[in-house]
Amino acid sequence: MIKRLLIANRGEIARRIIRTCKQLNIETIAIYSEADKDTLFVKEADESYLVGGNRVQESYLNVDKIFEIAKEANVDAIHPGYGFLSENASFANRCFKENITFIGPSPEIIDLMGDKIAARKTMKQAGVPIVPGTEEAISSVEEAVMYATDIGYPIMLKAAAGGGGIGMQIVHNNDELVKAFDSNSKRAANFFGDGSMFLEKKIEETRHIEFQVLADYHGNVVHLFERECSIQRRNQKVIEEAPSPFVTDILRKAMGEASVRATKQINYTNAGTIEFLVDGEGNYYFLEMNTRVQVEHPITEETTGIDIVEQQIKIAQGEPLQFKQNDILQTGHAIEARIYAEDPITFFPSPGNITHFSLPKGECIRNECAVKEGDQVTPFYDPMISKLIVKGDTRTEAIANLKGAVNQFKVEGIKTNIPMIKEIIDYPAYVEGNTTTTFIQDYYQK
């Protein structure tokens, strides 16, 4: 059984993991950078250790130092959260070699799903529809142009080892592809150590729908229904909700079964997310699998009553799932808005000192927050400072609750995207549920 757990992360997800560990009587060990020494998660953990300097390479990506701390603190397990080392197969393998439980899937599965081309092939074998595109990595722009001409524009240029929108770009013709290929390949090589690219047909008028899955070591696999994640900026999600206002019961059943089938196909264990693109006719296509807890996991927790972090830990220590698919019900409606320290017009990060910080309160409101009044938002990390989650019996009620909550949310000293959130949820297209992946470009940025 896990008794001492190191959190290889920071901010709100570190606090989230600490909260569940306290409920499970697991001691938590936080690591922190010099910039994070006075933050909430450092104080809330049972023990905290300085891991390095401000930059991620010196701290949250400093693998050798993390394991040095893990040994000193005599931990049983490491939870990677999301981002940073969460989908790093080498890190997971190091945990295995050091006899430390990694809260996540095996290194082999992380590798398989991290390779977007291999993931596409695997899902195709599992009978899950995939977007038309290249079957192998593309290493030259000449090869890319040849394939693009065959597939037909517009296409998505993507990094084979990518994620988070890095190395991804829509191109509409050969000239755009030639200009985009080298820069995206170099960016992918810098971020992922692999500059290989691939092409996918750009599906027009798409929605981004993802299914949460849980799988244990005893052959049990379930899904926790879908999340609607179409409101995005630069391929990064801004507002998510569960259930999707677009997905019908028939489509939900088909996509849920496909998600479980895909999870079983690769012998996956722990929590994961199968992401799909869905067109206006209800045709769905595999996009990618995230082998970690998602930023937006709270809305699934709110609509199913299942603590996903708790399930991650229990699965990792060998426990079977205590529920079957038919036991899981999706009730009510939940929405999450990501609050970023950024200019709502230019989208540039807005580091600085938070001079006033007041969170909304209420029975229908859940705050997952990384900061407090007086904290310094530094330029070293992702600018997300909080997640605002609301629930209602219906989608209409949830939107009303979100409007009330976001109006209560007060931040001074830095700029945030709160004005943008307010505008988005007031648009008739959002209220009606017409939230394709081009929503922000079509409405907010006009």
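Structural notes, computed from the coordinates. Only a predicted model underlies this, so the values are computations on that prediction, with no experimental measurement involved.

### Focus on the pairing of strand 17 (residues 365-369)
Here is step 1: Burial analysis of strand 17 places four of its five residues in the buried class, the great majority of the element.
Here is step 2: Across five bridges, the pairing between strand 17 and strand 19 (residues 384-392) is antiparallel. Following the sheet pairing, Asn367 is matched in strand 19 by Leu388.

### Observations concerning the side chain of Gln294
Here is step 1: Note that Gln294 resides in the loop between strand 13 (284-290) and helix 10 (297-304).
Here is step 2: Side-chain polar atoms of Gln294 contact the side chain of Asn290, separated by 3.4 Å.
Here is step 3: Every residue in contact with Gln294, bar those within four places of it in the chain, is listed here: Tyr82, Glu210, Arg227, Lys237, Thr273 and Glu275.

### With respect to the layout of surface pockets
Any empty space left between the atoms is revealed when a probe the size of a water molecule rolls over them.
Here is step 1: Estimated volume of the second largest pocket: approximately 280 Å³.
Here is step 2: The wall of the second largest pocket is formed by 16 residues, among which Phe96, Ile100, Thr101, Phe102 and Tyr217 lie closest to the centre.
Here is step 3: Listed by contribution, the elements that provide at least two residues to the lining of the second largest pocket are helix 4 (89-97), strand 5 (101-102) and helix 5 (107-114).
Here is step 4: With four residues, the single largest contributor to the lining of the second largest pocket is helix 4.
Here is step 5: Within the lining of the second largest pocket, the residues separate by chemical class into nine nonpolar, six polar and one charged.

### Describing the nonpolar core
Here is step 1: Residues Leu5, Leu6, Phe41, Ile78, Phe91 and Leu214 are the most contacted members of the largest nonpolar core, which totals 59 residues.
Here is step 2: Apart from residues no more than four positions distant in its own chain, Leu214 is found in contact with Asn220, Val221, Val222, Leu224, Asn270, Ala271, Ile306, Gln311, Ile315, Leu321 and Phe323.
Here is step 3: Residues Ile339, Val411, Ile414 and Tyr430 belong to the second largest nonpolar core, which totals 35 residues.

Thresholds applied
- Residues numbered from 1 in each chain as written.
- Predicted model: local features only at pLDDT ≥ 70, side-chain atom pairs only at ≥ 80, totals over all residues.
- Heavy atoms only, no water.
- Buried < 20%, exposed > 50% of the residue type's maximum accessible area, 1.4 Å probe, protein only.
- Helix = DSSP H or I, 4+ residues; strand = E, 2+ residues; numbered from the N terminus.
- Pairing = 2+ DSSP bridges.
- Polar contact = N/O pair within 3.5 Å; in protein donor to acceptor, adjacent residues only side chain to side chain.
- Contact = heavy atoms within 4.5 Å.
- 1 Å grid on protein atoms, 1.4 Å probe; cavity = no way out; pocket = protein on both sides within 12 Å on 5 of 7 lines; lining within 4 Å.
- Points joined across faces, edges and corners; volume = space filled by probe spheres on them.
- Nonpolar A, V, L, I, M, F, W, Y, C, P; charged D, E, K, R; others polar.
- Core = buried A, V, L, I, M, F, W, Y, C linked by side-chain atoms within 4.5 Å.

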